[in-house]
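# Breakdown of the fold
What follows is the residue order along each chain.
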Amino acid sequence: MRRNVVATVFLLALISSLPALAIDPTTAFEGQRLFVSHCQLCHGPDGKGNGPLAQNLDLSMIDLTLTVRARSETMLRTIITGDGGPIVTGRDRHNLLTDAMPDWGKIFTDSQIDALIAYMRFLGSAKHELLGDPEQGARLYKKYCAVCHGEEGYGDGTMTQLITMEPADHTNSNTMNRLSNDELIEFIYEGNDEYMPAWRGILNQDEVEALVSYIRLLSQ
Ligand code: HEC
Ligand code: HEC
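## Brief notes about the overall build of the chain
Summing up its helical and strand segments, the chain has ten helices and zero strands in all. The secondary structure elements of the chain, listed N-terminal to C-terminal, are α-α-α-α-α-α-α-α-α-α. Out of the 220 residues belonging to the chain, those deemed buried represent 38%. By sequence separation, contacts in the chain at least 24 residues apart represent 55% of the contacts at least 6 residues apart.

## Observations regarding the site of ligand 2
Taken together, 22 residues surround ligand 2, and among them Cys145, Cys148, His149, Asn192 and Met196 come closest. Contact between ligand 2 and His149: a nitrogen atom at 2.8 Å from a side-chain N or O atom of the residue. Asn192 places a side-chain nitrogen or oxygen 2.6 Å from an oxygen atom of ligand 2. Secondary-structure elements contributing two or more residues to the shell around ligand 2 are helix 7 (134–149), helix 9 (181–190) and helix 10 (205–218). Per-element accounting of the shell around ligand 2 gives the leading share, five residues, to helix 7. Counted by class, the shell around ligand 2 contains 18 nonpolar, three polar and one charged residues.

## Observations concerning the coordination of the iron atom of ligand 2
At the metal site, the iron atom of ligand 2 is ligated by His149 (NE2) and Met196 (SD), and these contacts range over 2.0 to 2.2 Å. Classification of the site at the iron atom of ligand 2 as octahedral follows from its six donor atoms and the range of 88 to 179° in their angles at the metal. Linking His149 in helix 7 with Met196 in the loop between helix 9 and helix 10, this pair joins segments that are 47 residues apart in sequence.

## Concerning unusual backbone geometry
Despite not being glycine, Asp58 has its phi angle at roughly 55°, a positive value. Position of Asp58 relative to the elements: it lies in the loop between helix 3 (52–57) and helix 4 (64–67). Classification of Asp58 as exposed rests on a relative accessible area of 68%.

## Some thoughts on a negative patch on the surface
A grouping of Glu151, Glu152, Asp156 and Asp169 is seen on the molecular surface, where their side chains present a negatively charged patch. Locating Glu151 in the fold gives a position in the loop between helix 7 and helix 8 (173–178).

Rules behind the numbers
Residues numbered from 1 in each chain as written. Chains lettered and ligands numbered in written order. Predicted model: local features only at pLDDT ≥ 70, side-chain atom pairs only at ≥ 80, totals over all residues. Heavy atoms only, no water. Helix = DSSP H or I, 4+ residues; strand = E, 2+ residues; numbered from the N terminus. Buried < 20%, exposed > 50% of the residue type's maximum accessible area, 1.4 Å probe, protein only. Contact = heavy atoms within 4.5 Å. Near = heavy atom within 4 Å. Polar contact = N/O pair within 3.5 Å; in protein donor to acceptor, adjacent residues only side chain to side chain. Nonpolar A, V, L, I, M, F, W, Y, C, P; charged D, E, K, R; others polar. Donors = N, O, S within 2.8 Å, 3.2 Å for Na, K, Ca; no water. Tetrahedral: all angles 85-135°; square planar, octahedral: opposite > 155°, others 65-115°. Patch = residues over 30% accessible without salt bridge, like charges linked within 9 Å, V, L, I, M, F, W, Y side chains within 5 Å. Areas by Shrake-Rupley, 256 points an atom, 1.4 Å probe, with all protein chains shown as cover. Salt bridge = Lys/Arg side-chain N within 4 Å of Asp/Glu carboxyl O. Lys, Arg positive; Asp, Glu negative; His and termini not counted. Charge placed at Lys NZ, Arg CZ, Asp CG, Glu CD.

Okay, here's the thing in structure tokens:
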């Protein structure tokens, strides 16, 4: 008996100390908010380098959607925080990062930097543009969709414990990338004959576009 208790306590301790299996799926969403407020001035909304400040300052910008893919987490972290000063990157055409990129080390927490990295990786792999406002999408998703699709988009909402159904997993970037924005919008408006409800008449175009953008940021 005692041994069972010890074993259980040990097991619980083990489970709680295991690292989360997947990165927090809302990370790219958090990163998007930070990127919009702090980075797009130079890097542009899509990360391609056409931000308004970069044009004013005549900075020579790189296309993040092309460079970030080849960079390790550690390297990206170093670039963003500025730790270590100018570093040899070895991969880009400059070979050196100039001072034009600000040091964000004192401004962001570690998890905010993780979020920024997740969003830049999203920009590098995304096949479709974000049409609507993801923040609005996040609010609507919690209100209308999470009950089936789950808070984090895995398709495991509370309703799935009551009714047998398999809502789509919105965190799967392969499936999500296969669908165009128009296809997703259409699907949300029309639903299907089974459990996916039709939202036409309940949600307007802006709201559906916002949802599509938020859903895309759940994928990893
Ligand atoms: C004042 C303009 C400016 C702002 C704001 C800015 N950057 Fe930069 N960033 C640059 C410039 C310029 C470069 C290119 C530096 C070079 O090649 O010398 C750069 C380079 C980078 C790189 C390296 C890309 C590569 O792979 O070579 C990353 C990553 C990056 N920035 C992330 C960010 C993030 C994240 C933010 C917001 C928190 C941000 N930047 C905000 C100007 C800016
Ligand atoms: C009552 C449960 C339920 C609710 C609420 C719900 N869904 Fe669904 N949804 C489903 C099911 C079940 C599927 C899978 C349908 C299928 O595969 O035939 C699905 C599929 C989808 C798909 C298709 C994705 C793909 O890969 O084909 C999208 C997009 C979607 N839902 C978006 C939403 C959005 C946005 C909301 C909130 C406005 C929402 N759903 C609310 C049950 C639900």
